[in-house]
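Here's the letter readout for the chains.
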Amino acid sequence: MPQRHSKNNNDLAFFTYDEKKKLGYGTQKERLGKDSIKPFDACCLCLKTLIDPLCCQKGHVFCKECILECLLAQKKDIQRKLTAHAAQQKQDKEEEQEQLMLQKAKELEAFDQQNHGAVPQYSDRSHNHDKNGFHGANSVKVTSYEEEALRTMKAFWLPSATPEAVAKVDAPDTSTVCPEGNEKLKLKTLFPIHFTEDTSEKKSKSLDKTYICPSCKVTMTNAMSLVALSSCGHVFCKKCADKFVAVDEVCVLCSKACKGRNLVNLAKGGTGFAGHGDNLEAKDFKHLGSGSGLGLVRPAVKT
């Protein structure tokens, strides 16, 4: 008789591990493969092959058209927020002035009622005085306040009389940011980069472009650490950049002078190996219950 395995034991009052895995219950973990990782020569915005690439000081690479559209959209959004903030400040000043005018009008009305139409004050402390010195319901001022309270009463249980919360618009930050690293980014800090294409006979028949390091002629991949020179835009592997460019302070390809601050490490695209140093594990939590629809999902058949 075969042993009772968790895959066959389906009459329990709780879900077994195999049932949870088939239904997608709880936290599901999956390691990303090569197809889910951005190549090193792909734009961070459109995720396509770079066209007229531009690089920021943090090593994020974009297409020229993509990053210009992104910065322009950010400037338009900042201008819209500034306009809304200025309009709110103007409205707040108007409301403050209106409140001051109403307060002055109430003070004048109270002064006029006290001197001409109100019941005189009592010096006897046994009588019930209000905070403004008027006595009981016979006071004209108390009556006017009651009418105003009835007229402006907030009946919160009625939908038509529910008070509204005022949406406050804070002053926006006027600087544009990098869409990949969220650091401050200006158009003048971007610099063009140039990859050296492999023109050998072996790669000439291939449709996909491959790039090589202009110094050691090694094919560039996602597993390599790449360095771009902000002075001329040429891209080298990190070994050649540290061994030749950083020591001689001159570009190996165009002989243009450069300094240590001109060496910018390009952001890696990532690989499927655990030793690459990137967090390539995707997590998703799914709740199993009524209305989730997971009970109707047919489990995938392992091949």
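Above this text is the structure in question.
Note that the structure is a prediction, hence the values are computed from the model and not measured.

Cut-offs applied
- Residues numbered from 1 in each chain as written.
- Predicted model: local features only at pLDDT ≥ 70, side-chain atom pairs only at ≥ 80, totals over all residues.
- Heavy atoms only, no water.
- Helix = DSSP H or I, 4+ residues; strand = E, 2+ residues; numbered from the N terminus.
- Buried < 20%, exposed > 50% of the residue type's maximum accessible area, 1.4 Å probe, protein only.
- Contact = heavy atoms within 4.5 Å.
- Areas by Shrake-Rupley, 256 points an atom, 1.4 Å probe, with all protein chains shown as cover.
- Pairing = 2+ DSSP bridges.
- Axes fitted to C-alpha atoms, helices over the stretch in contact; angles between N-to-C directions.
- Arc of directions from axis to C-beta.

Another aspect to go through is the overall build of the protein chain. Regarding its fold elements, the protein chain presents 5 helices and 10 strands. For the protein chain, buried positions account for 26% of its 303 residues. Long-range pairs, those at least 24 residues apart, make up 53% of the contacts in the protein chain with a sequence separation of at least 6. Counting every atom, the protein chain has about 22,800 Å² of accessible surface; 53% of that belongs to carbon and sulfur.

Read from one edge of the open sheet, 3 strands run 8-7-9, paired in antiparallel fashion. The sheet terminates laterally at strand 8 (235–237) and strand 9 (263–265), the two strands that pair on one side only. Averaged over all neighbouring strand pairs, the angle between strand axes comes to 35°, with direction disregarded. Strand contacts of helix 5 (residues 238–248): strand 7 (226–229), strand 8 and strand 9, with the helix running at about 105° to strand 8, the strand carrying the most contacts.

Here we come to helix 5. Taken residue by residue, helix 5 has C240, A241 and V245 as its buried positions. Considered in projection along helix 5, the buried side chains sweep an arc of 90° and stay on one side of the axis. In helix 5, the exposed positions that point more than 90 degrees away from the buried face belong to K239, K243 and V247. Contact partners of the buried residues in helix 5: strand 7, strand 8 and strand 9. One or two residues past the end of helix 5 sits E249, with phi positive at roughly 55°.

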